[in-house]
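A look at the structure
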Amino acid sequence: MPPRTEFLRALLRLILLAALASAPIFLFAEGFSAQSALRVAASNGVAALLCAVLLRQVGRGHETAIARWLVGGLLALVVGLASSNGEAIHVNVVNFVLVTLLASVLIGTRGLLLVAAISAVAMAAIAWRQAVAPPGEEIAEARLEAIAQFLPTYAVIVAILWRRERADTGLTRPSARNP
């Protein structure tokens, strides 16, 4: 089996295991309630189901499509959870970073940039909606401050991944020090 196929299979298994193993942790960490149980079952169940379905397809010659489905499915799940879980967007940034990293590894430069753009817009929209202005402060100022707390760092992470991707594919000029 080609190394890319083996890597994709191992990654799908890892995410499937993480979805199954983390469900009980989330269930009790968030305070047990029927609503919390349904939320965890849905989110972790969707991730597990996505990985199980894609695992059955690995090795049939559709690895690029499988990688895109994995990244797209996880991105949709992360956006949905971040916009509906009631937590500050800062708590969810790490999930967007993980999907962005997966895009970089699995679907290349264009996929990385597309996922990064969707993630940045989604995070900014969620932060914009969640922002609350303290007394005496304009709401626009509070919104911009909320976005400024994570977006520049996220942009640096994306730039590093993009730069690495370009270097790996030979799209950058070799420097005089490193031909």
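Keep in mind it's a predicted model, so treat the numbers as computed, not measured.

What counts as what
- Residues numbered from 1 in each chain as written.
- Predicted model: local features only at pLDDT ≥ 70, side-chain atom pairs only at ≥ 80, totals over all residues.
- Heavy atoms only, no water.
- Helix = DSSP H or I, 4+ residues; strand = E, 2+ residues; numbered from the N terminus.
- Buried < 20%, exposed > 50% of the residue type's maximum accessible area, 1.4 Å probe, protein only.
- 1 Å grid on protein atoms, 1.4 Å probe; cavity = no way out; pocket = protein on both sides within 12 Å on 5 of 7 lines; lining within 4 Å.
- Points joined across faces, edges and corners; volume = space filled by probe spheres on them.
- Nonpolar A, V, L, I, M, F, W, Y, C, P; charged D, E, K, R; others polar.
- pLDDT = per-residue confidence, 0-100.
- Contact = heavy atoms within 4.5 Å.
- Core = buried A, V, L, I, M, F, W, Y, C linked by side-chain atoms within 4.5 Å.

1. Considerations on the environment of Ala148
Relative to the assigned elements, Ala148 resides in helix H5 (residues 139-148). The class for Ala148 is partly exposed, based on a relative accessible area of 47%. For Ala148 and Ala127, which are 21 residues apart along the polypeptide, the C-alpha to C-alpha distance reads 9.7 Å.

2. Focus: the layout of surface pockets
What the largest pocket holds in volume is close to 820 Å³. Lining the largest pocket are 28 residues, with Phe26, Asn44, Val78, Leu81 and Asn95 positioned closest to its centre. Contributions of two or more residues to the lining of the largest pocket are made by helix H1 (3-29), helix H2 (34-57), helix H3 (63-84) and helix H4 (89-130). The biggest single contributor to the lining of the largest pocket is H4, with 9 residues. Among the residues forming the lining of the largest pocket, the class breakdown is 19 nonpolar, 6 polar and 3 charged.

3. Structural notes on the confidence of the model for the protein
In this model, the protein carries an average pLDDT of 88, and 93% of its residues clear a pLDDT of 70 or more. For residues 173-179, every residue scores under 50 in pLDDT, and the model assigns this stretch 1 contact once sequence neighbours within four places are set aside.

4. So, the nonpolar core
In a soluble, globular protein the nonpolar side chains are often hidden away together inside. One finds Leu12, Leu70, Ile89, Phe96 and Leu106 to be the most contacted residues of the largest nonpolar core, which totals 41 residues. At the level of elements, H1, H2, H3, H4, H5 and helix H6 (151-168) are the ones that each hand at least two residues to this core. Per-element accounting of this core gives the leading share, 14 residues, to H4. Beyond its immediate stretch of four places on either side in the chain, Leu12 contacts Cys51, Leu54, Leu55, Val58, Ile66 and Leu70.

5. A closer look at the side chain of Thr100
Here Thr100 lies in helix H4. Owing to a relative accessible area of 0%, Thr100 belongs among the buried residues under this scheme. Thr100 has contacts with Leu112, Val115, Ser119, Tyr154, Val158 and Leu161, leaving out every residue within four places of it along the chain.

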